[in-house]
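# Commentary on secondary and tertiary structure
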Amino acid sequence: MSAALLAPLGLAALAALLVPLLIHLARRDRQRPIDFAALRWLEPRPKPHRRPHLDERALLVARLLLLTLLALALARPALLGGRGAGTWLLVAPGADPAAARAQAPKGAQARWLAPGFPNLGQSAPEEAASISSLLRELDADLPRGARLIVAVPAALQGVDAERPRLSRDVDWRVQPQTAPPAPPRPPSSPTSAHAGPQAPTPDQAADQAAVQTLVLRAAPELEAGARYVKAAAEAWSPSATAAAPDAGPLSAPLPNAARAIAWLAPGPLPVAVRDRVAGGAVVLLPVEATVDGLGPATPLWRDAEGRVLAEGGGLGRGRWRRFTRPLTSEAMPEVLQPDFPARLAALLSNPPPPPALVEARAYHPLVGAAAGSPSPQDLTPIMALMVAVLFAVERWLATRPQRADTP
Amino acid sequence: MPPAGPPPLLPPDVRHRLQGLKLRARRAAGSASGIHASRNRGAGLEFAQHRAYEPGDEPRLVDWKLYARSDRLFVREAERESPLTLWILLDASGSMGQADGARPDWTRLDAAKALAAGLAQMALAGGDSFGWATLAGDRPHLLAPGAGGRHRDRLWLELATLKAAGGFPSAAQWAPLWSRIGAHDLVVLLSDVFDPKTIDLAGRLAGAGREVLAIRLLTVEERDFPFRGAQRFRDPETGEELPGDGLQLRADFLRRFGEARARIGAELDTRGVRHVEYVLDEPLDAPLRRLFGGKA
C-alpha cells in the first residue's frame, strides 16, 4: 500500500505557508522601543543576534498544519493498492478449500475466487463468474510483490477461450478429481458460460424459433432478391402444411411479435424498424441499404475464397445483418446452394458461444501482461474531516481569552 | 490639612510613616546650638510662651524666677528659630519619564514628585521653609522658599502639571540657583544622577557651603534588567536607539551599570554629597528614612 498524489500541482498551495509565518514575524518590527535612560552602559554589540522570534507558537503551528492539510487536500492524496502484499490463496468454486489451505503457506490470505473475493471461511459462493476475468481483476489490484496461489478443480468452467495473461507468475494448483464435479449451473449471462458447443441452449432455441417467424418486407425493385429469402424462410418451416412466411410490401404493418425482420429496401433504415431492432429484434438488410449510424460492422459470412458475403453488428439489444452483394444468382451464387436456408438461419441467430469448459491443467495463466495500476483510494473525505477539526482548533486558539493582542 | 487634590501625591500610609522624621542638617544644627555656654539653655533662642509644669519636664527648663514670684511652676518654652531652608531640586529631564514595563504609570518623575511632597511635608512639620527648582530644558524654574500650608499647596499645584522632557540644563543656566540658594541651606536633589552635569551641580553646591543630599532614583529594569529576546532600547533624551538581545546584554550591562553606580556614588562622596539610592519598587519613605532617620 502506498500513498500518491493525483494532482501534485495542488502542492503549489504550500506557498501559502509563508502568510502565517509573515504574520507571526511581522509583529516584531512593530515592537515599541523601550525607554532606557541607562543606555550609555549598554554595550552595543557589533552584530546583535537577531534570532527570528515567533509569537503564539501554538497558534502558528495550528495554522501551518491547517494550510498544509489544505494544500494536500488540493493535491488529492490517494492510497494505491488497497490490498496488502504477501501471499494470496485463491480457491476456485468447486475446489476443496481444506486441501488448498493445507498446501498453502501459513499467513496467506485465503479467499474464494468469486466476485468480491469473500473469505474462505464463508460458504462456497453460489454465483458463477468468469474465472479468467476474476484472475485479471485480482492481478491488477494486487501490489507488485504479492504472491498468488490459485487452487482449481480438475475442470474449469466459465473461462475465456485463451489462457489468461497476467503480470505475475501464478502458483497454479490443480486438485485431483476426487469428487464428481458439481452439476453445471446455468450461466448468469448469455455470453459467460456454456456447457458445450453441441447442445443448444434455451436461448439458441428461442432464437431459432424467432428466425422461423421471419417477417419479410421488400421494396418493388428488390422483389427478385426477396424471393430467395422467402424461399429460405419457407424451407425453415418444420412441415409443408405450416403457414407461409409473412411477406409483403414496405407499407404493410409489422406484427408486434416480429423478432426477425427482412427489410429489403434501399436507403437508410426507417426509425420504426430501427426501434424494433434496438428493442431486441434482428433485421436483415440488402446491399442497397445504408447502415450509417448502426455501429461498427464485422464480417459474418465468407465464401470459399474468403470474400465477405454478409456483415453485421449490434444495435441496442438487437442485431443487424446486411448482405454485401446484390441478391442475384450472378453476384451471389450462394443463394442457389442447398445450404442457403441453414446459412441464413445461422446468420440471423446468435453467434455460437466459444467453448468454455477446459481442463484446468491446460489453463495455467501466462506471464507477461503489463502490471495493472491498482485503482487508488481517494483520501479527500478524511482530509476534509481533518481540515475541519484543525480549523476548529485554530479558531479556539485564536479566540481564547488569555491570548496576546495580535495577530 | 492637605488639599483634596485629584491624585494624592503622597499616599496616606507614607505620610503617616514620615511623621516621626525631622529634617536635620548637620551644619545648621551645629550653628544653632552654639559652642559656648549661654544663658539661654532652651531648645531655641526666641521665647515663645510659658506653660504649666508637667511631671517629666527637665528641672532646668523651669522658670525659677517666675516660680519665686507666683509660687507656681512654669516651664519656659522657646520657639526654635529655624535656621533651615530646604531646597528641593527636581530633575525633570526626559530620562525621569522612564517607567518600568511592569508598572507603566509609575515613572521616575512620579516617584520624585512624591518624594518632594514628602520632603515638603517634613519641612512643614518642622516649621522649616522650603523652596524648589525644577531642572529641565533651558533654565531652572524656581520658587522662592516659604513656609506654611499655602506654600505646600503651591508646590503640589506645580508638581501636578510637571512633565519630564528635555535634557538637564547646562552649567551656564544654573546661575539663578547660585543667587537663590543661600549658604547653609539644605539642598535635596531628586534625580537619576546619570548625567555628569547632575553630579557637577551637586558637587559645586556642596563645595560652596550648602549641605547637599541626593536621592538617586533607579527603575527596577535598570536594577534587574529583566529583558528577554530581541528588544530596541531608546535613550529618552538623545533618542538614540540600540537593538539587542536582552539575555545577551544582561550580564555585561549589570556589570557595567554596577560599576557606574559605584563610581557615581564615590564621586558624590568625594564632593561631599550624601546620597541614597531609591529603586521604584521600594516604599517611598525608605530613602528619607535613610537620609534623616539615623543619627546625623
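On a predicted model such as this, the values are computed, not experimentally measured, just so you know.

Cut-offs and rules
Residues numbered from 1 in each chain as written. Chains lettered and ligands numbered in written order. Predicted model: local features only at pLDDT ≥ 70, side-chain atom pairs only at ≥ 80, totals over all residues. Helix = DSSP H or I, 4+ residues; strand = E, 2+ residues; numbered from the N terminus. Buried ≥ 20, exposed ≤ 12 C-beta atoms within 10 Å, placed from the backbone. Contact = placed C-beta atoms within 7 Å. Core = buried A, V, L, I, M, F, W, Y, C linked by C-beta atoms within 7 Å. Pairing = 2+ DSSP bridges. Axes fitted to C-alpha atoms, helices over the stretch in contact; angles between N-to-C directions. Arc of directions from axis to C-beta. Parallel < 35°, antiparallel > 145°, perpendicular 65-115°, else oblique. Nonpolar A, V, L, I, M, F, W, Y, C, P; charged D, E, K, R; others polar. pLDDT = per-residue confidence, 0-100.

Before going further, it helps to spend a moment on the overall build of chain B. Check the secondary structure of chain B and you find ten helices and twelve strands. Within chain B, buried positions represent 36% of all 296 residues. For chain B, restricting intrachain contacts to residue pairs at least 6 apart in sequence, the fraction spanning at least 24 positions comes to 75%.

Secondary structure summary: chain A contains nine helices and 19 strands in total. The buried share among the 407 residues of chain A stands at 26%. In chain A, the proportion of contacts linking residues at least 24 apart, taken out of those at least 6 apart, comes to 68%.

One finds Leu86, Ile88, Leu89, Ala116, Val187, Val188 and Leu190 of chain B to be the most contacted residues of the largest nonpolar core, which totals 69 residues. With twelve residues, the single largest contributor to this core is helix α4 (residues 108–126) of chain B. In this structure Ala116 of chain B touches Ile88, Leu90, Trp132, Leu155, Leu159 and Leu190 of chain B, once residues within four positions along its chain are discounted. Counting 34 residues, the second-largest nonpolar core is a separate cluster that includes Val215, Leu327, Val335 and Leu344 of chain A.

A separate point is unusual backbone geometry. Residues and elements named next belong to chain A. Not every positive phi belongs to a glycine, and Arg76 is a case in point at roughly 55°. Mapped onto the secondary structure, Arg76 falls in the loop between α2 (57–74) and β3 (77–80). Residue Arg76 is classed as partly exposed on the basis of its 17 C-beta neighbours within 10 Å. Backbone geometry places Phe117, a non-glycine residue, at a positive phi of 50°. Tracing the sequence through the fold places Phe117 in the loop between β5 (109–112) and α4 (131–141).

Okay, the sheet that holds strand β7 (residues 141–146) of chain B next. Hydrogen bonds between backbone groups are what pair the strands of a sheet, and the pairing can be parallel or antiparallel. Residue and element names in this part refer to chain B. If you trace the six strands from one edge of the open sheet to the other, you get β7-β6-β3-β8-β9-β12, paired in mixed fashion. In this open sheet, the two strands that pair with only one neighbour each are β7 and β12 (274–279). Pairs of neighbouring strands in the sheet enclose a mean axial angle of 15°, with direction left out of account. Taken together, the four bridges between strand β6 (residues 129–135) and β7 define a ladder with antiparallel strand orientation. What sits directly across from Phe130, in β7, is Gly146. Each of β3 (85–91), β6, β8 (186–191), β9 (211–218) and β12 touches α4; the most contacted strand, β3, lies at about 175° to it.

Glancing now at helix α10 (residues 285–292) of chain B. Each turn of an α-helix holds 3.6 residues, which means side chains three or four residues apart point in the same direction. All names here are of chain B. Those residues of α10 that sit buried are Asp285, Pro287, Leu288 and Leu291. Buried residues in α10, looked at end-on, bunch into an arc of 160°, giving them a common side. Where α10 is buried, its residues contact α1 (12–17), α4, β9 and β12.

What follows deals with the packing of α4 of chain B against helix α5 (residues 149–160) of chain B. For any two helices packed against each other, one specifies the crossing angle of their axes together with the interaxial distance. Residues and elements named next belong to chain B. It is the contact of α4 with α5, at a shortest axis distance of 10 Å, that shows an interaxial angle of 175°. On the basis of the axis angle, α4 is roughly antiparallel to α5. Facing Lys113, Ala116, Ala117, Ala120 and Leu124 of α4, the residues of α5 in contact are Gly149, Arg152, Leu155, Trp156 and Leu159. A breakdown of the residues in the contact of α4 with α5 according to their chemical character gives seven nonpolar, one polar and two charged.

With that settled, the discussion passes to the interface of chain B and chain A. Frequently, the measure chosen for interface size is the accessible area that the parts lose on association. Facing the 26 residues of chain B at the interface are 19 residues of chain A. Among the elements that take part in the side of chain B that touches chain A, helix α9 (residues 246–270) of chain B stands out by supplying seven residues, more than any other. In the sheet, strand β2 (residues 34–35) of chain A pairs with strand β10 (residues 230–234) of chain B via two bridges, with the strands oriented parallel. Within β10 of chain B, the residue paired with Asp35 of chain A across the bridge is Arg234 of chain B.

This part covers the pairing of strand β10 (residues 215–218) of chain A. All names here are of chain A. Here β10 shows no split at all, with Val215 and Arg217 on one side and Leu216 and Ala218 on the other all buried. One ladder, built from four bridges, connects β10 with strand β11 (residues 246–249); its direction is parallel. Bridging from a neighbouring strand, Leu216 pairs with Ala247 of β11.

Residues and elements named next belong to chain A. Averaged over every residue, the pLDDT of chain A is 78; residues scoring 70 or more account for 80%. Across chain A, the secondary-structure element scoring lowest on mean pLDDT is helix α5 (residues 202–212), at 55, and the one scoring highest is helix α9 (residues 380–399), at 91. Across residues 179–202 the pLDDT falls below 50, and counting only partners more than four positions away or on other chains, this stretch makes 29 contacts in the model.

The three strands lie next to each other as β2(A)-β10(B)-β11(B), forming an open sheet whose pairing is mixed. Of all the strands in the sheet, the pair left with one neighbour each is β2 of chain A together with β11 (241–245) of chain B. Relative to β11 of chain B, β10 of chain B runs antiparallel, the two sharing five bridges. Across the sheet, Gln231 of chain B pairs through a bridge with Gly244 of chain B, a residue of β11 of chain B. Taken strand by strand, α9 of chain B contacts β10 and β11 of chain B, and its axis lies near 105° from that of β11 of chain B.

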